[in-house]
Amino acid sequence: MFADTGWEPRAVYAHLDRLEREVLIPAGIPLYRVSVGNIRDDALNPAHRFASMPLFIKKQDGGDGMTRRQCTSEYKLKPIKRQVRQLLGYPHPIPVPRGLYAEQWIGISRDEFGRAKDSGINYLRSAFPLLDLQGGADGREGWTRDDCTRYLRANGWATTPKSACIGCPFHGNAQWRALREGNPEEWADAVDFDHAIRPGNARGNANGKPLLGEAYLHRSRKPLDQAPIDRVTAHEWGQQQTDVFGQIADVELEAGDPDGCSPWSCRSGQPVIGEEAA
């Protein structure tokens, strides 16, 4: 099940098409592409309700802040819950009988164990199969992100992209640089959006609730095309270090790959729980 925010990189959509064509269809596994709209268009549409993105705010009094993160719940969890209810045969608002549930498999690796959270929804139970796999480079139970990367590359999926909105404010400098240098068109799209979102979401302004400050996509609170994305952070340097087991398993492993954005494990590090069982 793929929750489409409408603003994913083209590489993600191309990968999903290949995955469906080469793996899912031959295996008889259906792919459900679910969506509630285009997050980019909604943010700039004064007539559309907008679930806020975690934008970085420069307040009028000189202080800093962030807007609430509602996008994951609205654009990912909501359409997934709706589709699951349909598959179970109990679309909203029909109550799902107690004890009836779907088991969802989520790809949390061992080095992200702390992000393995339950859904908090009675009819959705989470399972994390990567945590139980054998054959990791260090011999321990469960696969790390590096183990997954090696497996994908060994099986012809080396270019597997991570799902995330083009203009997600949780991008780190490495991902902003990769976007700028690897896809100028999508970089320009993010820069244009960053400029357009400066006064906050259009619906709030249209309803007389303007943002008391300026909104930015980059944590420096500078325009994206002027932000210090060429500075390599200490976190990035840390990501480029690997243990001896990883070096033995794959001396050519590319490190520092930016995070993706999974519905129940947003890169913010904060658990995402649906607001209600519906």
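### Points about the sheet that holds strand 4 (residues 64–66)
Line of reasoning, step 1. Strand order in the open sheet made by the three strands is 4-3-7, with antiparallel pairing throughout. Either end of the sheet is taken by a strand with one partner, and the two such strands are strand 4 and strand 7 (213–216). Averaged over all pairs of adjacent strands, the angle between strand axes in this sheet comes to 30°, irrespective of strand direction.
Line of reasoning, step 2. The pairing of strand 3 (residues 56–59) with strand 7 spans four bridges and is antiparallel. In the strand pairing of strand 7, lysine 58 is matched with glutamate 214.

### A short note on the pattern of salt bridges
Line of reasoning, step 1. One pass over the structure, following the stated rule, counts 17 salt bridges.
Line of reasoning, step 2. Here glutamate 74 makes a salt bridge to arginine 49, at a shortest N to O gap of 3.1 Å. With glutamate 74 in helix 3 (residues 71–88) and arginine 49 in the loop between helix 2 (39–43) and strand 3, this residue pair connects regions lying 25 residues apart in the sequence.
Line of reasoning, step 3. Connected via shared salt-bridge partners are Asp17, Glu20 and Arg33.

### With respect to the confidence of the model for the protein
Line of reasoning, step 1. Looking at the protein as a whole, the pLDDT averages 86, with 85% of positions reaching at least 70.
Line of reasoning, step 2. Every residue in residues 242–258 is under pLDDT 50, and counting partners more than four places away or in other chains gives 23 contacts.

### With respect to the environment of arginine 110
Line of reasoning, step 1. Along the chain, arginine 110 falls in the loop between strand 5 (102–105) and strand 6 (124–127).
Line of reasoning, step 2. Exposure remark for arginine 110: the relative accessible area of 17% places this residue in the buried category.
Line of reasoning, step 3. With 37 residues separating them along the chain, arginine 110 and aspartate 147 place their C-alpha atoms 9.7 Å apart.
Line of reasoning, step 4. If we ignore the near neighbours within four places in the chain, the residues touching arginine 110 are Leu131, Asp138, Arg140, Glu141, Gly142, Trp143 and Thr144.
Line of reasoning, step 5. Of note is the side chain of arginine 110, whose polar atom sits 2.5 Å from the side chain of aspartate 138.

What counts, and at which threshold
- Residues numbered from 1 in each chain as written.
- Predicted model: local features only at pLDDT ≥ 70, side-chain atom pairs only at ≥ 80, totals over all residues.
- Heavy atoms only, no water.
- Pairing = 2+ DSSP bridges.
- Helix = DSSP H or I, 4+ residues; strand = E, 2+ residues; numbered from the N terminus.
- Axes fitted to C-alpha atoms, helices over the stretch in contact; angles between N-to-C directions.
- Salt bridge = Lys/Arg side-chain N within 4 Å of Asp/Glu carboxyl O.
- pLDDT = per-residue confidence, 0-100.
- Contact = heavy atoms within 4.5 Å.
- Buried < 20%, exposed > 50% of the residue type's maximum accessible area, 1.4 Å probe, protein only.
- Polar contact = N/O pair within 3.5 Å; in protein donor to acceptor, adjacent residues only side chain to side chain.

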